[in-house]
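Here is how the chains run, residue by residue.
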Amino acid sequence: MTASHSGSNADWQRRSLASVWHPCTQMQRAASVPPLPIARAQGPWLYDYEGARYFDCNSSWWVNLFGHADPGITAAIKDQLDQLPHVMLAGCTHAPAVELAERLSARTGAVLGHAFYASDGASAVEIALKMSFHYWCNLGRGDKREFVCLQHGYHGETLGALSVTDVQVFRDAYDPLLLRSHQVMSPDARSALPGEDAVGVARRAAAELEQLLAQRHGQIAALIVEPLVQGAAGMAMYHPQYLELARELCDRYQVHLIADEIAVGCGRTGSFFACEQAAIWPDFICLSKGITGGFLPLSIVLSRDAIYQAFLSDEVARGFLHSHSYTGNALACRAALAVLDRFDREDLLAHNELQARALDRALEPLRADPRLEHWRRCGMIWAFDVKPEFAGGRFAEQFHLAGRLHELLIRPIGRTVYLLPPYVLDEPLGRWLAQRLGATLEQALESPDADRTPQPSVA
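Everything quoted here is computed from the prediction, not taken from an experiment.

Trainee: I'm lost on the overall build of the protein in this one. Help?
Mentor: Of regular secondary structure, the protein possesses 16 helices and 16 strands. Since a compact globule built from 459 residues should have a radius of gyration of about 23 Å, the 22 Å found for the protein is in line with a globular shape. Dimensions of the protein along its principal axes, counting C-alpha atoms only, are 65 × 60 × 45 Å. Contacts in the protein between residues at least 24 apart in sequence constitute 72% of all its contacts with a sequence separation of at least 6. Of the roughly 20,000 Å² that the protein leaves accessible, carbon and sulfur atoms contribute 53%. Charge separation in the protein, taken as the distance between the mean sites of 41 positive and 52 negative side-chain charges, equals 2 Å.

Trainee: Sorry if this is basic, but what is going on with the sheet that holds strand β3 (residues 53–56) here?
Mentor: Backbone-to-backbone hydrogen bonds join strands into a sheet, with any given pair of strands oriented parallel or antiparallel. Strand order in this open sheet of 4 strands is β1-β2-β3-β15, and the pairing throughout is mixed. On the outer flanks of this sheet lie β1 (40–42) and β15 (408–409), each paired with one strand and no other. Bridge count for β1 against strand β2 (residues 45–47) is 3 bridges, and the pairing is antiparallel. When the sheet's bridge partners are listed, R40 is paired in β2 with Y47.

Trainee: Looking at this model, I keep getting lost on the side chain of H134. Mind explaining?
Mentor: Structurally, H134 can be placed in helix α6 (residues 121–138). In this structure H134 comes out as buried when scored by relative accessible area, which is 18%. The residues touching H134, leaving out its near neighbours within four places in the chain, are F311, A317, R318, G319 and F320.

Trainee: I keep staring at helix α10 (residues 241–253) and nothing clicks. Help me out?
Mentor: For an α-helix, 3.6 residues make a turn, and residues three or four places apart therefore share a direction. Taking 1.5 Å per residue as the helical rise, α10 with its 13 residues ought to reach 18 Å, and the 18 Å between its terminal C-alpha atoms agrees with that figure. Where α10 is buried, its residues touch β5 (146–150), β6 (182–184), α9 (198–216), β7 (220–225), β10 (256–260) and β12 (299–304). Positive phi appears at Q254, one or two residues downstream of α10, with a value of about 55°.

Trainee: Looking at this structure, how should I read the packing of helix α5 (residues 95–107) against helix α12 (residues 330–345)?
Mentor: Each pair of packed helices gets described by two things: the angle between the helix axes and the distance between those axes. For the pair α5 and α12, the least separation of the axes is 9 Å and the interaxial angle reads 40°. For α5 against α12, the interelement crossing comes out left-handed. Across the interface between the two elements, P96, A97, E99, L100, R103, L104 and R107 of α5 pack against A330, C333, R334, A336, L337, L340, D341, F343 and D344 of α12. Tallied by class, residues from the contact of α5 with α12 come to 10 nonpolar, no polar and 6 charged.

Trainee: Whenever I open this one, the nonpolar core confuses me. Can you help?
Mentor: If you look at soluble globular proteins, the nonpolar side chains tend to sit buried side by side. Counting residues in hydrophobic clusters, the biggest one holds 106 residues, and the most contacted among them are L100, M235, Y242 and I300. Sort the elements by how many residues they give to this core and α12 lands first, with 10 residues. In contact with L100, other than residues within four places in its own chain, are Y117, L298, I300, C333, A336, L337 and L340. The next biggest cluster of nonpolar side chains, apart from the first, holds 27 residues, and it includes W136, I262, C286 and V301.

Trainee: Which parts of the structure should I look at to understand the layout of surface pockets?
Mentor: Any empty space left between the atoms is revealed when a probe the size of a water molecule rolls over them. Taken as a whole, the second largest pocket encloses approximately 660 Å³ of empty space. Every residue lining the second largest pocket is counted, 25 residues in all, and those nearest its centre are L89, A115, F116, Y117 and F320. Those elements that place two or more of their residues in the lining of the second largest pocket are α5, β4 (112–118) and α11 (305–309). It is β4 that provides the largest number of residues to the lining of the second largest pocket, a total of 4 residues. The residue makeup of the lining of the second largest pocket, split by class, is 16 nonpolar, 9 polar and no charged.

Trainee: Can you walk me through the packing of aromatic side chains in this structure?
Mentor: Given two aromatic rings, their pairing is described by the distance between the two centres and the angle made by the two planes. Tallied over the entire structure, the rule returns 17 aromatic pairs. Consider the rings of F66 and Y423, whose centres lie 6.1 Å apart with planes at 70°: the pair is edge-to-face. Separated by 357 residues along the polypeptide, F66 in the loop between α3 (59–62) and α4 (71–81) and Y423 in the loop between β16 (416–419) and α16 (427–446) bring together distant segments of the chain. For the pair shown, F66 and Y423 are each scored as buried. Consider the rings of F395 and F399, whose centres lie 5.5 Å apart with planes at 55°: the pair is tilted. With F395 and F399 both in helix α15 (residues 395–405) and 4 residues apart, the pair spans about one turn of that helix. Per residue, the accessibility class of F395 equals that of F399, and both read buried. The structure contains a cluster of three or more aromatic residues connected by ring pairs, namely F66, F272, F273, W281, F343 and Y423. When the ring centre of W136 is taken as origin, the NZ or CZ atom of K144, which lies over that ring, is 4.6 Å away.

Trainee: What's the story with the sheet that holds strand β13 (residues 372–378) in this structure? I'm lost.
Mentor: What the 3 strands build is an open sheet, ordered β13-β14-β16; its pairing is antiparallel. The strands lining the two open edges of the sheet, one partner per strand, are β13 and β16. Averaged over all neighbouring strand pairs, the angle between strand axes comes to 15°, with direction disregarded. In this structure, strand β14 (residues 381–386) lies alongside β16, joined through 4 bridges in antiparallel fashion. From the neighbouring strand, W382 faces β16, where its bridge partner is L419. Against the sheet, helix α13 (residues 348–367) engages β13, β14 and β16, with an angle of about 175° to β13.

Trainee: For this particular structure, what's the right way to read empty space enclosed by the protein?
Mentor: Inspection of every chain in the model, using the stated rule, returns 2 cavities of 30 Å³ or more. In this structure, the largest cavity occupies an estimated 40 Å³ of space. Contributing to the lining of the largest cavity are W62, L65, I262, A263, G265, C266, R268, K289, G290 and Y423. Approximately 30 Å³ is the volume attributed to the second largest cavity. In the lining of the second largest cavity, the residues fall into 7 nonpolar, 1 polar and no charged.

Calculation rules
Residues numbered from 1 in each chain as written. Predicted model: local features only at pLDDT ≥ 70, side-chain atom pairs only at ≥ 80, totals over all residues. Heavy atoms only, no water. Helix = DSSP H or I, 4+ residues; strand = E, 2+ residues; numbered from the N terminus. Rg over C-alpha atoms; globule rule 2.2 N^0.38 Å. Contact = heavy atoms within 4.5 Å. Areas by Shrake-Rupley, 256 points an atom, 1.4 Å probe, with all protein chains shown as cover. Lys, Arg positive; Asp, Glu negative; His and termini not counted. Charge placed at Lys NZ, Arg CZ, Asp CG, Glu CD. Pairing = 2+ DSSP bridges. Buried < 20%, exposed > 50% of the residue type's maximum accessible area, 1.4 Å probe, protein only. Expected span 1.5 Å × (residues − 1). Axes fitted to C-alpha atoms, helices over the stretch in contact; angles between N-to-C directions. Left-handed = near helix turned anticlockwise from the far one by under 90°. Nonpolar A, V, L, I, M, F, W, Y, C, P; charged D, E, K, R; others polar. Core = buried A, V, L, I, M, F, W, Y, C linked by side-chain atoms within 4.5 Å. 1 Å grid on protein atoms, 1.4 Å probe; cavity = no way out; pocket = protein on both sides within 12 Å on 5 of 7 lines; lining within 4 Å. Points joined across faces, edges and corners; volume = space filled by probe spheres on them. Phe/Tyr/Trp six-rings, centres within 6.5 Å; stacked < 30°, edge-to-face > 60°. Lys NZ or Arg CZ within 6 Å of the ring centre and 35° of its normal.

By themselves these figures say nothing about function.
Structure, rendered in structure tokens:
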């Protein structure tokens with residue numbers, strides 16, 4: 001039976017609520033706030049079944065780099081579809097997987113390589129954690145089985161990834177099933193003490209990390225961080241010096257550094273890899289989300305050669321036997337190659353910075369609003385917090401619904417409003433976006449029927 005692509009918004013909402021379990025959603029509440037039905041997409045715009053459009057402010061959970069239905073990526077996938085959609089990567093190989101691994105390694109100056117493929121960000125984190133522990137085991141140091149993460153950090157929702165996640169609403173229900181990890185101070189610049197700047201916060205957080213590593217380095221396998229921006233923490237931004245100091249400490253105490261660049265990689269922070277802004281390389285980089293431009297699921301773990309070498313043996317059990325059925329899917333790898341082609345062909349980072357400054361100017365009137373605090377930007381990520389006395393209990397929901405009325409698809413995290421748009425901004429579109437954002441804020445804060453029921457922070 002061929003799927004129908006017509007009908008009313010209300011009909012698709014009804015059918016969805018009757019058959020789909022939506023992610024990151026309390027389904028009891030979904031009856032009151034039904035999902036937005038999307039029929040098609042083009043560029044930064046999403047269109048519902050009745051022709052209304054919505055600007056994709058959050059790049060569809062941070063995956064869409066160049067706008068929806070980008071013709072270059074579309075053509076690459078269509079070409080690959082006629083050649084090889086998929087073959088298992090155990091015992092086989094294919095050009096897109098090889099070429100993607102080579103080109104990503106080259107972007108690290110060959111410091112990291114041997115790409116291990118999976119399907120999503122949480123899987124990449126699982127792989128990096130397992131690789132780190134198994135590496136130490138292969139070196140005869142099996143006591144190094146503990147992990148360190150930052151307070152308020154988020155790395156995914158599988159059990160291993162949740163074990164290094166410190167976001168209560170995702171973690172607490174499953175806490176009895178999780179590994180015990182160490183949480184150390186976040187270098188979030190919003191936590192600055194009186195007279196302290198972002199560098200001071202970074203140094204203070206690194207000092208706390210050093211205390212832990214000095215005590216437990218014999219048992220700690222790895223530290224995992226989201227470089228520069230902690231997404232689910234409310235776009236918490238921090239100074240690159242924390243990464244410099246963390247790299248030094250991990251080297252000193254023989255602890256791996258895992259960079260979760262799933263959300264912040266692929267140019268989102270202003271450099272292709274966020275770690276580049278600290279002039280360091282980790283021991284593992286996890287990539288996903290934007291690497292295929294929002295077309296297909298793919299994740300990748302890059303590791304240092306010394307780690308790869310530690311798994312080489314005549315003993316099968318010393319190898320890394322982790323696998324996924326769609327590991328290294330040819331269509332997804334080809335989409336990722338098209339993304340890299342675009343970075344190679346165009347000076348996207350310079351273009352993004354130019355457009356980001358233009359949007360900064362357009363947002364300046366909103367920045368002066370006394371109801372807001374902690375304005376911040378890192379590359380193509382903007383965020384501000386609504387002061388608690390103005391946000392109310394269901395602020396995120398109210399803001400999201402108000403955004404729909406102003407042609408925005410936007411999902412605040414608690415009282416943090418953020419913009420993470422596709423890389424297709426120009427000055428007129430930026431001015432339009434700033435105006436609509438301001439109108440949405442006014443409606444969300446002034447709604448007389450706002451539901452004040454407490455609501456957790458979700459992305």
